[in-house]
Amino acid sequence: MHITGKHINYYHICHRKLWLFHHGISFQQTHENVADGSLLHQTAYPQRAARYREIQIDGIKIDFYDPQDRVIHEIKRSDKLEHASVAQLQYYLCVLERHGVPEPTGLLEYPKLRQTQTVALTDADRAAIPQWETDVERIVTAAGCPPVINKPLCKQCSYYEFCYVGE
Ligand code: SF4
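The following refers to the structure shown. Everything numeric here is computed off the predicted structure, so don't read it as measured data.

1. Side note on the packing of helix α5 (residues 82-98) against helix α6 (residues 123-141)
- As a packed pair, α5 and α6 sit with axes 10 Å apart at the nearest point and diverge in direction by 100°. Classified by the interaxial angle, the pair formed by α5 and α6 is roughly perpendicular. Residue-level inspection shows Ala87, Gln90, Tyr91, Cys94, Glu97 and Arg98 of α5 in contact with α6, the latter providing Asp125, Arg126, Ile129, Pro130, Trp132 and Glu133.
- Considered class by class, the residues forming the contact of α5 with α6 number six nonpolar, one polar and five charged.

2. Considering the nonpolar core
- Counting residues in each nonpolar core, the largest one holds 38 residues, and the members touching the most others are Ile8, Leu18, Ile62, Ile72, Tyr91 and Val136.
- Elements that contribute at least two residues to this core include exactly α1 (5-11), α2 (15-22), β2 (60-66), α5, β4 (105-110), α6 and α7 (160-164).
- Looking at this core element by element, the count peaks at ten residues for α5.
- Sequence-distant contacts of Tyr91, that is, excluding residues within four places in its chain, are made with Ile3, Ile8, Ile60, Ile129 and Glu133.

3. A short note on the site of the ligand
- Every residue near the ligand is listed here: Cys14, Arg16, Lys17, Val148, Ile149, Leu153, Cys154, Cys157, Tyr159, Tyr160, Cys163 and Tyr164.
- If you list the elements that add at least two residues to the shell around the ligand, you get α2 and α7.

4. Notes on the pattern of salt bridges
- Under the counting rule described, the total for this entry stands at seven salt bridges.
- For Arg126, the salt bridge identified is with Asp123, shortest N-O distance 2.8 Å. Of this pair, Arg126 and Asp123 are both found in helix α6, three residues apart, which corresponds to roughly one turn of the helix.

5. Brief notes about the sheet that holds strand β1 (residues 53-57)
- Reading across the sheet, the five strands line up as β1-β2-β3-β4-β5 and stay open at both edges, with mixed pairing between neighbours. At either end of the open sheet lies a strand with only one pairing partner, and these are β1 and β5 (115-119). Sheet twist, expressed as the average angle between the axes of neighbouring strands with direction ignored, equals 35°.
- The sheet contact formed by β2 and strand β3 (residues 71-75) spans three bridges and is antiparallel. The partner of Tyr65 across the bridge, within β3, is Ile72.
- Sheet strands touched by α5: β1, β2, β3, β4 and β5. Its angle to β4, the strand with the most contacts, is close to 150°.

Basis of the calculations
Residues numbered from 1 in each chain as written. Predicted model: local features only at pLDDT ≥ 70, side-chain atom pairs only at ≥ 80, totals over all residues. Heavy atoms only, no water. Axes fitted to C-alpha atoms, helices over the stretch in contact; angles between N-to-C directions. Helix = DSSP H or I, 4+ residues; strand = E, 2+ residues; numbered from the N terminus. Parallel < 35°, antiparallel > 145°, perpendicular 65-115°, else oblique. Contact = heavy atoms within 4.5 Å. Nonpolar A, V, L, I, M, F, W, Y, C, P; charged D, E, K, R; others polar. Core = buried A, V, L, I, M, F, W, Y, C linked by side-chain atoms within 4.5 Å. Buried < 20%, exposed > 50% of the residue type's maximum accessible area, 1.4 Å probe, protein only. Near = heavy atom within 4 Å. Salt bridge = Lys/Arg side-chain N within 4 Å of Asp/Glu carboxyl O. Pairing = 2+ DSSP bridges.

As structure tokens, then:
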């Protein structure tokens, strides 16, 4: 199977969310959030369309890649669940390395917060990522959906009502 950036992101947030996403079960975010996210990509850095490339390899899709400096730019609305965004970006870096790109780096960007964070791939990350892939495959191919995690982040999750309705 092709593992996407979302698989890796959700793996680091909630295995149930990962399983539900993989099985095509989704609940639309509010129209406001969707519009806000699309607008952010279009307007945050309007000069990017000409300068950077969109690339798709091995199931991942990178919206803004600077081939000259070998930098992936990943735009996020907020720094909540940043560990998952970092992991997603590290996975992109790993896939690029597997395809022969030497030492790519990533930049997590939060236009609304006017903040950025540089993300690099360490040897420890390179060693850990194959296990992430194995775990993702094991979780999504399991017959049953993993249990709810009962964490504060659930209240911000699009699956919240699905997971907790009737409790
Ligand atoms: S609501 Fe909580 S348990 Fe349900 S998918 Fe989202 S994060 Fe996981």
